[in-house]
Amino acid sequence: MSRQRLYGKTLNELSDITAAVSLPPYAARQIAGWLYRRGAPEISSMTDLSLAARNLLEKNYETGLTPPSSVASASDGTRKYLFGISENRFIETAFIPDRERATVCLSVQSGCRMGCHFCMTARQGFQGNLSSGDILNQFRSIPEHRSLTNIVFMGMGEPLDNFEEVMKSLEILISEWGYGWSPSRITVSTIGITDRIRDFLEGTRCHLAVSLHTPFDEERQALMPVQKAHPIKKVLEVIRGFDFGRQRRISFEYILFKGLNDTPDHVKELAKILSGIRCRINLIRFHAIPGSKYRSPDTKAMEAFRDRLSAKGITATIRASRGEDIGAACGLLSTLEQNKTR
Ligand code: SF4
């Protein structure tokens, strides 16, 4: 029988485990300390638990940390790690150094069921949700772990479609018994699942980024099927009704496609639908994927779009493209790897 993984369990879950094997209540905190603060590679390293307690735990549990199976390094310092999830299934994790920042971009699902037409991960279909252990293992098991300053949930999959495991991983990241990270250094990105956005905003203080990509309903639906069930205007209503306070940030991701969503009409409509929301827009160049009808805009067009937004009073920044020589589009590397092993 395979042993269960302790890594990725919350303090409450660890308490249930210690109670089940008749360990004292404080043992759950000790185990959490070893897993998240001290980075114990194995249960046998948890030396403030008695030998009998360690032996008892080892019968059914393991820490469950797994190293990446491969890495691709770009000339700009970006690295993409592949983690094997099951036979012939891989997820991607990106490490992105940028001056004083060092960001890890985590995946939350194997594949994705949201079907965005510009996305490589969507072409893999949906293979399953990652557990909080799988999500956090990407953060913990890359070699740059100790130098990280920021975490973004922007890799493969839709975080709010794997709500419970994502919320558990956030709890472990920010709790004092976990990694003790500040929520202001963590951003979760969603394509906009209305009811889950409310739950997310109430359940954590981490930042939220919403993928917008166009302010026009029909155009958005042609890019992102989610628009039908969760129209962006309903998503904005939820956001507008929430008090973000001074510390918390709401941002919108806007992938620019050449000649599609980069016109003055788009700027005008964006100013209209975002009115009253204190936010910023991150402009992202579309990264070409094989067989796609969409095209990347040039830098001049991106700057012109940014400047038009600024003239309307909307803060917009152009996100630098990273890792272009190793396949910047999320899902590209893992798809290649999967095809190799078929
Ligand atoms: S863009 Fe995000 S939500 Fe859309 S299919 Fe790709 S991974 Fe899923």
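Structure: above.
Starting from 1, residues in each chain are numbered consecutively following that chain's sequence as written. Reporting of local features is limited, given that this is a predicted model, to residues whose pLDDT is at least 70; pairs of side-chain atoms are given and counted only at 80 or more, and all residues count toward the totals for whole chains, interfaces and linings.

Caption draft 1: Structural view of the pairing of strand β6 (residues 101-105). Here, strands pair whenever DSSP counts at least two bridges between them. In this description a helix means any DSSP run of H or I spanning at least four residues, a strand means any run of E spanning at least two, and both kinds are numbered starting from the N terminus. Alignment of strand β5 (residues 89-98) against β6, held across five bridges, turns out to be antiparallel. Bridge assignment links isoleucine 96 to a residue of β6, and that residue is threonine 103. Between the end of β5 and the start of β6, which pair antiparallel, lie two residues, with arginine 99 showing a positive phi angle near 50 degrees. Here three bridges tie β6 to strand β9 (residues 150-153), and the two strands are oriented parallel to one another. When the sheet's bridge partners are listed, valine 104 is paired in β9 with isoleucine 151.

Caption draft 2: Broad picture of the site of the ligand. Put plainly, near means the residue's C-beta atom, positioned from the backbone, lies within 6 Å of the molecule or strand in question. If you check the shell around the ligand, you find Cys112, Met114, Gly115, Cys116, Cys119, Thr121, Ala122, Met156, Gly157, Glu158 and Ile191 and nothing else. Residues that form the shell around the ligand fall into these classes: seven nonpolar, three polar and one charged. For this classification, Asp, Glu, Lys and Arg are treated as charged, while Ala, Val, Leu, Ile, Met, Phe, Trp, Tyr, Cys and Pro are nonpolar and the rest, including Gly, are polar.

Caption draft 3: Molecular detail of the environment of isoleucine 151. Here isoleucine 151 is to be found in strand β9. As for isoleucine 151 and threonine 187, which are separated by 36 residues in sequence, their C-alpha atoms are 6.5 Å apart. Residue pairs qualify as contacts under a 7 Å threshold applied to their C-beta atoms, which are placed from the backbone. Residue contacts for isoleucine 151: discarding those within four places in its chain leaves Val104, Leu106, Phe139, Leu173, Arg185 and Ile186.

Caption draft 4: Fine view of the sheet that holds strand β4 (residues 79-86). Read across the sheet, ten strands follow the order β3-β4-β5-β6-β9-β10-β11-β12-β13-β14 without closing on themselves; strand pairing throughout is mixed. What marks the edges here is a single partner per strand, and that holds for β3 (70-73) and β14 (315-319). Ignoring strand direction, the axes of neighbouring strands in this sheet form an average angle of 25 degrees. Both β4 and β5 contribute to a ladder of seven bridges, which runs antiparallel. Bridge assignment links phenylalanine 83 to a residue of β5, and that residue is isoleucine 91. Only C-alpha atoms enter the line fits that serve as axes; for helices the fit covers just the stretch in contact. Angles between N-to-C directions range over 0 to 180 degrees.

Caption draft 5: Layout of the nonpolar core. We define a nonpolar core as a collection of buried residues of the types Ala, Val, Leu, Ile, Met, Phe, Trp, Tyr and Cys that are connected via C-beta atoms lying within 7 Å of each other. Counting other C-beta atoms within 10 Å of a residue's own tells you its class, since 20 or more makes it buried, 12 or fewer makes it exposed, and anything in between is partly exposed; those C-beta atoms are placed from the backbone. Ranked by size, the top nonpolar core spans 86 residues in total, and within it Ile31, Leu35, Leu106, Val166, Tyr254, Leu256 and Leu283 carry the most contacts. An automatic or database domain assignment supplies the residue ranges for each domain. If you count residues domain by domain, this core takes at least three from each of domain 1 (4-62) and domain 2 (76-340).

Caption draft 6: Looking closely at unusual backbone geometry. The backbone of asparagine 88 sits at a positive phi, close to 65 degrees, despite the residue not being glycine. Its location among the elements puts asparagine 88 in the loop between β4 and β5. Non-glycine residue arginine 99 carries a positive phi angle of around 50 degrees. Tracing the chain through its elements places arginine 99 in the loop between β5 and β6.

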